[in-house]
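Chain by chain, the residues:
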Amino acid sequence: MILIRSRRRATAPTGGDRELKCCDVAQIAVSELRGIADLAWASFPCQDLSLAGEGRGLGVAASAAATRSGAFWPFWALMQALAGERRAPRMIVLENVCGVLSSRNGADFALIGDALARAGYRFGAVVIDARHFVPQSRQRVFFIAIRKGEAIPGHLIADGPLPGWHPPALAQAHAALDATAKSQWLWWRVAQPASRREILADLVEDSPAGVVWNSARETEYLLGLMSPLNLAKVQAARNQKQKIAGCVCRRTRPDSMGVRRQRAEVRFDDIAGCLRTPSGGSSRQTLLIVEGNSLRSRLLSPREAARLMGLADSYVLPARYNDACHLAGDGVCVPGVRHIAQHLLEPVLAANAVVPALIAA
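*Asks:* Residue-level account of empty space enclosed by the protein, with values.
*Replies:* Tallied over the entire structure, the rule returns 2 cavities of 30 Å³ or more. Of the volumes computed, that of the second largest cavity is approximately 70 Å³. Around the second largest cavity, the lining residues are Glu-95, Ile-128, Asp-129, Ala-130, Arg-138, Arg-140, Phe-142, Gly-331, Val-332, Cys-333 and Gly-336. Counting residues per element, the ones that place at least two in the lining of the second largest cavity are strand E4 (121-129) and strand E5 (139-147). Split into classes, the residues belonging to the lining of the second largest cavity amount to 5 nonpolar, 2 polar and 4 charged.

As structure tokens, this is what we get:
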């Protein structure tokens, strides 16, 4: 995903001034990007950086087509082309999975840092967990880069890593940067979000669309895939004698003999596991509703997945189940992005006399 916002106007876009082009980023010509953008945002594919990938990483610019996460390089070529025309964006934000901190022993993190520093940006990174905003466990890394010469309010910069925003893995990745990248590094200070009030049960639909409840036999089969530890969690939920919503994910785990078998793992901590794109059975989360001795199960509905990403119910979802769940699993947490915009990006724009209302999540 690439998003570029320009400050050419302070009024609502009209006619041909409002465009959304959906294509491979490598197919975009710099001539199509008009003016000077306040913000360029890229959420490039994560497969080669995540635990589920094969460790291919970002690759290098010359062979970027060989990897999915290598889509970063055609995006970066656009940024370099804009800089060559003296139209470099004032800010660049890159978002990806936490695997970028350690993939190829930190080499991919270093590549991004080197690219930003050599292009004339001061930059830093923060790790934000969606659970601060919605009932979903979802950690993501956000690189936030500001073009040199732009004013940065002092309260946005810390003297060193801050608990919550800069975990040990990020500090370790930073330590491995070269001298050039380190000289441009910023420890961003992000305001603490308000306490989240919603729990998973608040987002569950009474009459879901696109999914049906499992039969009693199917629910029993699901329980049969659970280890004694997970069955104990179900029993503990039953003992509470009230309606409780849990999430079940299927995983392949070794048994006592070392044979890998499918297992069902449940959580009753009022949040869902990280949403993923629906590429297989293990990527689809199942709701388990416990109410005393009553047990019901079904797949998470598309609308519930959208709610877990912070999307309003007015957001129009694709009609097909897989398409809707792919949209959610491949997206960014809306209130998390809004928090970054409100407490970091917009203050920078305001400090440089740029209309901050142009950035919206």
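Once the structure has been displayed, the description carries forward.
*Asks:* Requested: an account of the sheet that holds strand E9 (residues 260-267), with residues and values cited.
*Replies:* Taken in spatial order, the 4 strands of this open sheet run E9-E8-E10-E11, and their pairing is antiparallel. What marks the edges here is a single partner per strand, and that holds for E9 and strand E11 (294-299). Averaged over all pairs of adjacent strands, the angle between strand axes in this sheet comes to 30°, irrespective of strand direction. As defined by bridge partners, strand E8 (residues 243-254) adjoins strand E10 (residues 286-291) across 6 bridges and the pair is classed as antiparallel. Following the sheet pairing, Ile-244 is matched in E10 by Val-290. On the sheet, helix H6 (residues 216-224) packs against E8, E9, E10 and E11 and is oriented at approximately 90° with respect to E11.

*Asks:* Please give an account of the pairing of strand E3 (residues 91-97) that cites residues and values.
*Replies:* Counting buried residues along E3, 7 of its 7 residues qualify, which places the element largely inside the surrounding structure. Note that strand E2 (residues 37-43) and E3 share 5 bridges and pair parallel. By the bridge assignment for E3, Trp-41 is matched with Val-93. With 7 bridges connecting them, E3 and E5 associate as antiparallel partners. Bridge pairing in E5 links Val-93 to Ile-144.

*Asks:* Which residues make up the confidence of the model for the protein chain, and what values do they have?
*Replies:* With 84% of its residues at a pLDDT of at least 70, the protein chain reaches an overall mean of 86. Within the protein chain, the element-level pLDDT minimum falls on strand E1 (residues 2-6), averaging 50, and the maximum on strand E7 (residues 187-188), averaging 98. Under a pLDDT of 50 for its full length, residues 62-66 has, in the predicted model, 4 contacts with residues more than four places off or in other chains. The model gives residues 357-361 a pLDDT under 50, and that stretch makes 17 contacts with residues more than four places away or in other chains.

*Asks:* Give me the packing of aromatic side chains: which residues, what numbers.
*Replies:* Given two aromatic rings, one states the distance between the centres and the angle between the planes to describe the pair. Taken as a whole and assessed by the stated rule, the structure comprises 8 aromatic pairs. Note on Phe-72 and Trp-76: the rings are 5.9 Å apart at their centroids and 15° apart in plane angle, and the pair reads as stacked. Here Phe-72 and its partner Trp-76 are both found in helix H1 (residues 72-84), 4 residues apart, which amounts to about one turn of the helix. According to the relative accessible area criterion, Phe-72 is buried, its value standing at 1%. On the basis of an interplanar angle of 80° and a centroid distance of 5.3 Å, the ring pair of Phe-123 and Trp-185 is categorised as edge-to-face. Separated by 62 residues along the polypeptide, Phe-123 in strand E4 and Trp-185 in the loop between helix H4 (179-183) and E7 bring together distant segments of the chain. By relative accessible area, which is 9% here, Trp-185 ends up buried. Among the aromatic side chains, those forming a connected cluster through ring pairs are Phe-109, Phe-123, Phe-143, Trp-185 and Trp-187. Just above the ring of Trp-213 sits the side chain of Arg-296; from NZ or CZ to the centre is 4.1 Å. Over the ring of Trp-213 we find Arg-298; its NZ or CZ atom is 4.6 Å from the centre of that ring.

Cut-offs applied
- Residues numbered from 1 in each chain as written.
- Predicted model: local features only at pLDDT ≥ 70, side-chain atom pairs only at ≥ 80, totals over all residues.
- Heavy atoms only, no water.
- 1 Å grid on protein atoms, 1.4 Å probe; cavity = no way out; pocket = protein on both sides within 12 Å on 5 of 7 lines; lining within 4 Å.
- Points joined across faces, edges and corners; volume = space filled by probe spheres on them.
- Helix = DSSP H or I, 4+ residues; strand = E, 2+ residues; numbered from the N terminus.
- Nonpolar A, V, L, I, M, F, W, Y, C, P; charged D, E, K, R; others polar.
- Pairing = 2+ DSSP bridges.
- Axes fitted to C-alpha atoms, helices over the stretch in contact; angles between N-to-C directions.
- Contact = heavy atoms within 4.5 Å.
- Buried < 20%, exposed > 50% of the residue type's maximum accessible area, 1.4 Å probe, protein only.
- pLDDT = per-residue confidence, 0-100.
- Phe/Tyr/Trp six-rings, centres within 6.5 Å; stacked < 30°, edge-to-face > 60°.
- Lys NZ or Arg CZ within 6 Å of the ring centre and 35° of its normal.

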